[in-house]
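Secondary and tertiary structure notes
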Amino acid sequence: MKNISKKIIIGNWKMNLNYKDSVILGKKIINNLKGRRIKNEVVILPDFSALSSISQIIKKPLVLGAQDIAKNKLGAYTGEVSLESLKQLNCSYILIGHSERRQYFFDDEMIADKMKNVLENSNITPILCIGETLGQKRSGKTLSVLEKQIKTAFSKIGKLANKKIIIAYEPVWAIGTGRVVTVADAIAIHKKIKSLVEKICHNNLPKELGIIYGGSVNINNFSNFKNCPDISGLLIGGTSLRVGDFLNIVNNF
Ligand code: PGA
């Protein structure tokens, strides 16, 4: 199992913008980055309504991803968006199991199926989100929670040999709160996540694994996570909505 070759910066826009504002933000980032040589992989995750419009104008090096995926392939599943559609829209990444989805939309039960759907039916890279709540952290359960989340996510998938997977460590208590994990904790936890994947998938390891940090990353703290062993990128929510700040991180991580 290799580390991903490039570091990755991902902007998760969540449901913060309406369709028109998403396209405006997308255009600004596209125009700034187009034709440039960027050493990091840069990904934006607009909401589903904006994916189609942005996919028609997006230019390298920027790439597109989706915030979620249906667990089933196609069929009578009202309100869902299929993997087939996301492939046609040239999504390179799909977020799975974001803590907001686990908290409000019962995603916990579906994560294994979503991972299986993406990995077995496409070459799209899943970004699996894991992380502990404040209560779990306080009671010393961080590592056991992460282990359970990783075990569940990988429980239904077949061969991983040719696959690339991103795991985003996002402590729930750090998301949108202004609180970030200490760098020492982040390094230790990322190392542990890597060894958990090695343990859980021991005879079926993915070709490439990237472990990235998310949770209140901003312009003042992102560089703390730079050049840290096993921290291969950032998943950025609120700050990714501010073009200048997002690009500053993209250019300097
Ligand atoms: P935040 O969100 O950067 O606003 O904390 C991160 C995320 O939820 O992915």
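Below is a short write-up of the structure. In this text the structure is predicted, and so the values were computed from the model without any measurement.

Concerning the site of the ligand
Residues in contact with the ligand amount to 13 residues; listed here are only the nearest, Lys-14, His-98, Glu-170, Gly-176 and Ser-216. Residue Glu-170 places a side-chain N or O atom 2.7 Å away from an oxygen atom belonging to the ligand. In the model, an oxygen atom of the ligand is placed 2.7 Å from a nitrogen or oxygen of the Gly-176 main chain. For the ligand, whose accessible area on its own is 280 Å², the fraction buried by protein is 94%. By residue class, the composition of the shell around the ligand is four nonpolar, seven polar and two charged.

Side note on the packing of helix H1 (residues 19–33) against helix H9 (residues 243–252)
Where H1 meets H9, the axes come as close as 11 Å, and the angle between the chain directions of the two elements is 40°. Considering the relative orientation of H1 and H9, their crossing is right-handed. Contacts from Leu-25, Lys-28, Ile-29, Asn-32 and Leu-33 in H1 reach Val-243, Phe-246, Leu-247 and Val-250 in H9. Residues of the contact of H1 with H9, tallied by class, amount to seven nonpolar, one polar and one charged.

A closer look at the pairing of strand E5 (residues 91–96)
The buried fraction of E5 is high, at five of six residues. Relative to E5, strand E4 (residues 62–66) is paired through three bridges, and the arrangement is parallel. When the bridges of E5 are listed, Gly-65 appears paired with Tyr-93. Taken together, the four bridges between E5 and strand E6 (residues 125–130) define a ladder with parallel strand orientation. Note that in E6 the partner of Leu-95 across the bridge is Ile-127.

Focus on helix H5 (residues 111–121)
In terms of residue burial, H5 counts as a mostly covered element, since eight of its eleven residues are buried. Among the residues making up H5, those that are buried are Ile-111, Ala-112, Asp-113, Lys-114, Met-115, Asn-117, Val-118 and Leu-119. Buried residues along H5 sit in contact with helix H3 (83–88), E5, helix H4 (99–104), E6, helix H7 (142–153) and strand E7 (164–169).

Re the pattern of salt bridges
Using the criterion set out here, one finds 13 salt bridges in the structure. Measuring nitrogen to oxygen at the nearest pair gives 3.0 Å for the salt bridge that ties Asp-68 to Lys-114. Of this pair, Asp-68 sits in the loop between E4 and H3 while Lys-114 sits in helix H5; the two residues are 46 residues apart in sequence, bridging distant segments of the chain. Lys-114 shares its class with Asp-68; the two are buried. We note a salt bridge from Arg-101 to Asp-107, for which the minimum N-O separation is 3.5 Å. Beyond isolated ion pairs, a larger network of salt bridges with shared partners links Asp-68, Arg-101, Asp-107 and Lys-114.

Quick notes on the rules
- Residues numbered from 1 in each chain as written.
- Predicted model: local features only at pLDDT ≥ 70, side-chain atom pairs only at ≥ 80, totals over all residues.
- Heavy atoms only, no water.
- Near = heavy atom within 4 Å.
- Polar contact = N/O pair within 3.5 Å; in protein donor to acceptor, adjacent residues only side chain to side chain.
- Areas by Shrake-Rupley, 256 points an atom, 1.4 Å probe, with all protein chains shown as cover.
- Nonpolar A, V, L, I, M, F, W, Y, C, P; charged D, E, K, R; others polar.
- Axes fitted to C-alpha atoms, helices over the stretch in contact; angles between N-to-C directions.
- Helix = DSSP H or I, 4+ residues; strand = E, 2+ residues; numbered from the N terminus.
- Left-handed = near helix turned anticlockwise from the far one by under 90°.
- Contact = heavy atoms within 4.5 Å.
- Buried < 20%, exposed > 50% of the residue type's maximum accessible area, 1.4 Å probe, protein only.
- Pairing = 2+ DSSP bridges.
- Salt bridge = Lys/Arg side-chain N within 4 Å of Asp/Glu carboxyl O.

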